Structure formats: C-alpha cells, structure tokens
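Reading the structure
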Amino acid sequence: MRVATVSVPLPSSREGETKTFRIATYGKHDIVSGSILTNGNWEPQTADHIKTALAEKEGSVFIDIGANIGYFGLYMATLGYNVIAVEASQENVNLIRYS
C-alpha cells in the first residue's frame, strides 16, 4: 500500500484555490493506483463531469456504486458533498477506510 495526496481544484468562484485529500493505493501495479501515483489523478474529465452535475442541484449526494479504492467519493467529499460509496471487494474497502 502507498498513500498519495490529490489536489482538488475548487469551483471557479475560487479560481486557483485547491483542497487536498489523501488516498491509500495499491501501488503502480493497479491501473487506478498507478495513475493516481504517477499523474496525481484518475480520469480527471470524469471527475469534472461529476462535479458539474452535482453543482446543478443544491444538496446533491454522490452515490458511487463500485467505488474501487474510493477516488471519486473522496474527491467529491473534499468538495463538501455527502457521499455513499458501495464496494464489494474487501481489499478495496480496507483501502477506502484507511484513506
């Protein structure tokens, strides 16, 4: 296990500001973990799309079915959204809990 720190850009009203979260990863042998450790993100266009969709309605909740290691859930929680993450793999759940 390796822990990475991810920077999350705040909404455009706070241009240039970021928040961070820490995420437990498997290491570079896993595609998601490898991307986070190498690039500092996982599918940034997907994160932007989710962020935009959640911002359209006040009080939105992000439900992540198949949360993997929790990247999108942690990302949205960092932005202040309530998150429900569902993950079947106990190994992934352990990483999410560690994060």
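Before any of the text, the structure's been laid out above.
Computed from a predicted structure; not experimentally measured. (Residues numbered from 1 in each chain as written. Predicted model: local features only at pLDDT ≥ 70, side-chain atom pairs only at ≥ 80, totals over all residues. Heavy atoms only, no water.)

A word on the overall build of the protein chain
Spelled out, the test is: The secondary structure listing takes helices from DSSP runs of H or I that are at least 4 residues long and strands from runs of E that are at least 2 residues long, numbered from the N terminus. The quantity called the radius of gyration is restricted to C-alpha atoms. Its globule counterpart is 2.2 Å times the number of residues to the power 0.38. In this scheme, a residue with accessible area under 20% of its type's maximum is buried, one over 50% is exposed, and one in between is partly exposed, where area comes from a 1.4 Å probe on protein chains only. Here the Shrake-Rupley method, with its probe set to 1.4 Å, supplies the accessible areas, and only the displayed protein chains count as covering residues.
Tallying secondary structure elements over the protein chain gives 4 helices and 4 strands in all. Its helices and strands in sequence order give the protein chain the pattern β-β-α-α-β-α-β-α, from N to C terminus. Against the compact-globule benchmark of 13 Å for 99 residues, the protein chain has a radius of gyration of 13 Å, which places it among compact chains. Looking at the protein chain as a whole, 37% of its 99 residues are labelled buried. Summed over all atoms, the accessible surface of the protein chain reaches about 6,000 Å², with 49% contributed by carbon and sulfur.

Some remarks on the nonpolar core
Generally speaking, a soluble globular protein has its nonpolar side chains buried in company with each other. Which entries qualify depends on this criterion: Definition used in this section: a nonpolar core is a set of buried Ala, Val, Leu, Ile, Met, Phe, Trp, Tyr and Cys residues joined via side-chain atoms within 4.5 Å. Only heavy atoms enter the contact rule, under which two residues are in contact if any of them lie within 4.5 Å.
By size, the foremost hydrophobic cluster in this structure holds 23 residues, and its most contacted members are Phe21, Ile23, Ile36, Tyr71, Tyr75 and Met76. Broken down by secondary-structure element, the contributors of at least two residues to this core are strand 1 (2-9), strand 2 (18-25), helix 1 (31-39), helix 2 (44-55) and helix 3 (71-78). Among the elements that line this core, the one with the most residues is helix 3, at 5 residues. Dropping the residues within four chain positions of it, isoleucine 23 is found in contact with Arg2, Val3, Ala4, Val6, Ile36, Ile69, Gly70, Tyr71, Leu74 and Ser99.

Looking at the side chain of threonine 25
By the element assignment, threonine 25 lies in strand 2. Aside from chain neighbours lying at most four places away, what touches threonine 25 is Met1, Arg2, Ser33, Ile36, Leu37, Ile69 and Leu95.

Notes on helix 2
Put simply, the test is: Helices are assigned an expected span. That span is 1.5 Å times one less than the residue count. By definition, the arc is the one covered by directions from the helix axis to the C-beta atoms.
Its 12 residues place the ends of helix 2 16 Å apart at the C-alpha level, agreeing with the 16 Å of an ideal helix rising 1.5 Å per residue. Of all the residues in helix 2, the buried ones are Ala47, Ile50, Lys51 and Leu54. Seen end-on, helix 2 carries its buried residues on one side only, within an arc spanning 100°. The outward face of helix 2, more than 90 degrees from its buried face, is lined by the exposed residues Gln45 and His49.

With respect to the packing of aromatic side chains
Put simply, the rule reads: Centres within 6.5 Å make a pair out of two Phe, Tyr or Trp rings, where for Trp the six-membered ring is used; the pair is then stacked when the planes are under 30 degrees apart, edge-to-face when over 60, and tilted otherwise.
Inspection of every chain in the model, using the stated rule, returns 4 aromatic pairs. Here the aromatic rings of tyrosine 71 and tyrosine 75 are separated by 5.9 Å at their centres, their planes lie at 50°, and the arrangement is tilted. Separated by 4 residues within a single helix, tyrosine 71 and tyrosine 75 lie in helix 3, roughly one turn from each other. Classification of tyrosine 75 as buried rests on a relative accessible area of 4%.

Brief notes about a nonpolar patch on the surface
For clarity, the cut-off: Patch building starts from residues that exceed 30% relative accessible area and form no salt bridge, then joins like charges within 9 Å and nonpolar side chains (Val, Leu, Ile, Met, Phe, Trp, Tyr) within 5 Å. Within this document, salt bridges are pairs made up of a side-chain nitrogen of Lys or Arg and a carboxyl oxygen of Asp or Glu, the two lying within 4 Å of each other.
A surface patch of nonpolar side chains, about 450 Å² in accessible area, is lined by Val61, Ile63, Ile65, Ile84 and Val86. For the nonpolar patch, the elements supplying multiple residues, two or more each, are strand 3 (61-65) and strand 4 (82-86). Tallying contributions element by element places strand 3 first for the nonpolar patch, with 3 residues. Structurally, isoleucine 63 is set in strand 3.

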